[in-house]
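Given next are the chains, with one letter for each unit.
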Amino acid sequence: MIEPAISPPRPIRHPHLADRATRALTFVVVALLTLGLVVPAIVIVVASFSGTQSMTFPPREWGLLQYRNFFGSSRWMESVWTSIRLALPASVGAIIVGSLCAYVVQRTNMRFKWIIYAVCIAPLVIPGVAYGVGLYETFVRFHAVGSPVTVGLLYVLLGTPYTFIVVNTALLGLPESLEQVAMTMGASRPRAVFEITSRLALPSALGAFLLAFVILFDEAVLINFVGGSTFNTLPKAIFDSMKAGVDPRITAIATILMFGTGVLMLLSFQLRKKVR
Amino acid sequence: MLVLRKWRGRPGGVLGLLLALPVLGLFLVFFLLPFINLARVGARGDGFVANLNSYFHSGVTLRIFWVTLRDCVLVTVLSIGGGAVLAWRMKTSSRRFEAPLILAAVFIPLWMGGLLKIYSFIFLFQRTGPINGALMALGVFSEPKHLLYSESTIVLGMTFQMLPLAVAPLYAVFSSFSPELITAAEGLGASRIKTFRTVVAPLTSIGIVASSLLVYLISLGFFLTPVFLGGANAPFTSSLISSDLFDYFDPPSAGIGAILLVCAGLVIALIAGTVVLLIRRSQGFGREKSWMVRLDDGAGDDPAPPSARDIDARAEVGGVPQ
């Protein structure tokens, strides 16, 4: 993913003063930005190990109080379970739909392929609030607010752009001739696709599945509009709790989510690189 | 035993359409239909124009809309600026650990998810939080101040969220041209700044416009950040929309606000498209790739290689043998 950087044969001495100044300035800016990006995360992780309910930082006492409060609360655990119950099937749906779209784009002669690209990009660039209001109105009309099936289908659509992009890239790297060779040897097209192309693209598909799962698990905007009062996913529970104040338990939740998401994303990245 | 099957090179359009039916169906029900309903809810009651008028009846909503647009532009400028610096450094740093370090710094906030990033901001900036503590220790304030719930905090929070998202497309933009062009320019004597001005800027301008458009559209839709970091002190149109819908039970106003945001997005997209068109026109609309270098000034083919007689003639005169 990172291409080789430009490495000069020996250190560049920039004769122009303006260049030296710019380079120094750039270094400072990069350092500040990098620190600024990471500091909130570090603060939260450290704060999650505070042993008291007070919000002082650095914590006066250390301990696993926040984690115990989180795992001990049935309300929070239930919201985690709801999130998993929603995101897992939706990710499965998203990977299926996304793979189909990728196959259509890469391996068929359909004429209006750009429509698929547009369909996949559109949910990402539409202002979330506007989308939410429209969804709310639609769901109310069909009495579907808070209904698991419809929310699940919505999540499939939300996850499809990500799976489509990943599987599309994977199929781009797989030469089409592999399928055709199999067919010259007598396999039917479905068999060739199923046994060859999909096997080779499997690591990428798994990576896409993990990516979609992470994204859908964390989805916090639209669920407020279509979830109703009963559909309590973890992000919605965090949202409600944040409206009421600053709950220190959320530092523990944040740390767990950060590490869990990080692990899943790294795994997904490694899988995606394994396309032969 | 050979089984002979009839097959074509690629499946035709019909199969493609069939396979694409799931996504098209989902799109129809969960995307197009909501937007149709959005238009309908905006027109509910007295009709669209009347609702629009009553929405802007007090100058407040207009001012909020203006503030939203202006702050989104600010966030875009900051995110693209910072993201460009980071992406450039990632692409061109000569130390081995620097690029992965920046990459990690960019990714770790992403792993927190949008809502938790906002939470971390609230945690940092609250009255008993670390920032107030640090500033008091440095003697800037004598008592903790209310740093949250202001417009600047919203802008800072949104930039914090958009910066990682801006780095990826910018990195792709900076990877789209050959780095040897820069080496060539500097070898010809240009300073780094001049190289940027004359080589990098024209090549990346379109990509930067596209990335900016993406960042702007996404930030228009942010409603969690303005709600939590702005509160009632610094409302955005997006927080207004959500409170219209859920607190005041006024769907038409929410619809009008949402339609306004979408239109603002469309207008900016059109402007961006025009800008891109103008840039391409000034660069000659060429289909040349950035890595192509013109070997001549377009006058004609390379001159014929010197013949044997010319070489002998030159050798007699004492020129350099070819």
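See the structure above.
Residues numbered from 1 in each chain as written. Chains lettered and ligands numbered in written order. Predicted model: local features only at pLDDT ≥ 70, side-chain atom pairs only at ≥ 80, totals over all residues. Heavy atoms only, no water.

A.B. asks: So, the overall build of chain B: which residues are in play, and what are the values?
C.D. replies: A count of helical and extended segments in chain B gives 12 helices and 0 strands. Counting from the amino terminus, chain B carries its helices and strands in the arrangement α-α-α-α-α-α-α-α-α-α-α-α. Within chain B, contacts between residues at least 6 apart in sequence are counted, and of these 71% link residues at least 24 apart. Surface summary for chain B: the accessible area is close to 17,400 Å², and the carbon and sulfur share equals 66%. (Helix = DSSP H or I, 4+ residues; strand = E, 2+ residues; numbered from the N terminus. Contact = heavy atoms within 4.5 Å. Areas by Shrake-Rupley, 256 points an atom, 1.4 Å probe, with all protein chains shown as cover.)

A.B. asks: Talk me through the overall build of chain A; I want residue IDs and the actual numbers.
C.D. replies: When its secondary structure is counted, chain A shows 11 helices and 0 strands. A principal-axis box enclosing the C-alpha atoms of chain A has dimensions of 70 × 70 × 35 Å. The buried share of chain A, reckoned over its 276 residues, is 53%. In chain A, of all internal contacts separated by at least 6 residues, the share reaching a separation of at least 24 is 70%. When the accessible surface of chain A is split by element, carbon and sulfur atoms take 69% of a total near 13,200 Å². For chain A, the distance from the average site of its 22 positive side-chain charges to the average site of its 12 negative ones is 6 Å. (Buried < 20%, exposed > 50% of the residue type's maximum accessible area, 1.4 Å probe, protein only. Lys, Arg positive; Asp, Glu negative; His and termini not counted. Charge placed at Lys NZ, Arg CZ, Asp CG, Glu CD.)

A.B. asks: I'd like a description of helix H8 (residues 189-217) of chain A, backed by residues and values.
C.D. replies: For H8 of chain A, which comprises 29 residues, the first-to-last C-alpha distance of 36 Å sits more than 12% below the rise-based estimate of 42 Å (1.5 Å per residue). The largest bend along H8 of chain A reaches roughly 55° and is located at Leu 202 of chain A, with the proline Pro 203 of chain A sitting one to four residues downstream. (Expected span 1.5 Å × (residues − 1). Bend = angle between axes of the 7 residues up to and from the residue.)

A.B. asks: So what about the pattern of salt bridges? Which residues, and what values?
C.D. replies: Residue and element names in this part refer to chain A. Overall, the coordinates contain 5 salt bridges over all chains when judged by the stated rule. A salt bridge links Glu 179 to Arg 107; the shortest N-O distance between them is 3.1 Å. In this pair, Glu 179 sits in helix H7 (residues 177-184) while Arg 107 sits in helix H3 (residues 74-107), placing the two residues 72 residues apart along the sequence. Residue classification places Glu 179 among the buried residues on the basis of a relative accessible area of 3%. When the shortest N-O distance is used, the salt bridge between Asp 240 and Lys 236 registers 3.6 Å. With a gap of 4 residues between them, Asp 240 and Lys 236 both fall in helix H10 (residues 234-244), about one helical turn apart. You can call Asp 240 partly exposed: its relative accessible area is 31%. (Salt bridge = Lys/Arg side-chain N within 4 Å of Asp/Glu carboxyl O.)

A.B. asks: Break down the interface of chain A and chain B for me, citing the residues and quoting the values.
C.D. replies: Facing 98 residues of chain A, the contacting portion of chain B comprises 91 residues. Taken together, the connections running from chain A to chain B amount to 0 salt bridges. Element by element, the count of residues in the side of chain A that touches chain B is highest for helix H1 (residues 17-47) of chain A, at 18 residues. Here the side of chain A that touches chain B is composed, by residue class, of 63 nonpolar, 23 polar and 12 charged. (Nonpolar A, V, L, I, M, F, W, Y, C, P; charged D, E, K, R; others polar.)

A.B. asks: Let's hear about unusual backbone geometry: which residues, and what values?
C.D. replies: Residue and element names in this part refer to chain B. Positive phi, normally seen in glycine, also occurs at Phe 249, with a value near 50°. One can find Phe 249 in the loop between helix H10 (237-246) and helix H11 (251-282). With a relative accessible area of 67%, Phe 249 lands in the exposed category.

A.B. asks: Outline the environment of Ile 250 of chain A, listing residues and values.
C.D. replies: Note on placement: Ile 250 of chain A falls in helix H11 (residues 249-272). Given the relative accessible area of 0%, Ile 250 of chain A is considered buried.

A.B. asks: Tell me about the side chain of Thr 233 of chain A, residues and numbers included.
C.D. replies: Residue and element names in this part refer to chain A. Mapped onto the secondary structure, Thr 233 falls in the loop between helix H9 (222-226) and H10. Among the residues examined, Thr 233 registers a relative accessible area of 2% and is labelled buried. What Thr 233 contacts, discounting residues up to four positions off in sequence, is Ser 79, Thr 82, Ser 83, Leu 86 and Ile 223.

A.B. asks: Kindly report on the nonpolar core, identifying the contributing residues and their values.
C.D. replies: Ranked by internal contacts, the top residues of the largest apolar core, which has 148 residues, are Ile 116, Tyr 131, Ile 238 and Met 242 of chain A. Sorting elements by how many residues they give to this core places helix H4 (residues 98-125) of chain B first, with 15 residues. Leaving out residues up to four positions away in the same chain, Met 242 of chain A has contacts with Ile 250 of chain A together with Leu 115, Ile 118, Tyr 119, Ile 122 and Phe 228 of chain B. In this structure, Val 125 of chain A together with Val 209, Leu 213 and Leu 217 of chain B belong to the second largest nonpolar core, which totals 6 residues. (Core = buried A, V, L, I, M, F, W, Y, C linked by side-chain atoms within 4.5 Å.)

A.B. asks: For the packing of helix H2 (residues 65-72) of chain A against H3 of chain A, give the residues involved together with the corresponding values.
C.D. replies: Between two packed helices, what matters for the description is the angle formed by their axes and the separation of those axes. Residues and elements named next belong to chain A. Across the interface, H2 lies against H3 with an axial gap of 5 Å and an inter-helix angle of 70°. Comparing their axes, H3 and H2 come out roughly perpendicular. Note on element contacts: H3 touches H2 through Ser 74, Trp 76, Met 77 and Val 80, opposite Phe 70, Phe 71 and Gly 72. Across the contact of H2 with H3, the residue classes tally to 5 nonpolar, 2 polar and no charged. (Axes fitted to C-alpha atoms, helices over the stretch in contact; angles between N-to-C directions. Parallel < 35°, antiparallel > 145°, perpendicular 65-115°, else oblique.)

A.B. asks: Lay out the side chain of Thr 82 of chain A with the relevant residues and their values.
C.D. replies: When you line up the elements, Thr 82 of chain A lands in helix H3. Ignoring anything within four residues of it in the chain, the contact list for Thr 82 of chain A reads Phe 231, Asn 232 and Thr 233 of chain A.

A.B. asks: Describe the environment of Leu 172 of chain A, listing the residues and the values that go with them.
C.D. replies: Residues and elements named next belong to chain A. Counting through the fold element by element, Leu 172 comes out in helix H6 (residues 148-173). The exposure class of Leu 172 is exposed, given its relative accessible area of 58%. Sequence separation between Leu 172 and Tyr 103 is 69 residues; the distance between their C-alpha atoms is 9.9 Å.

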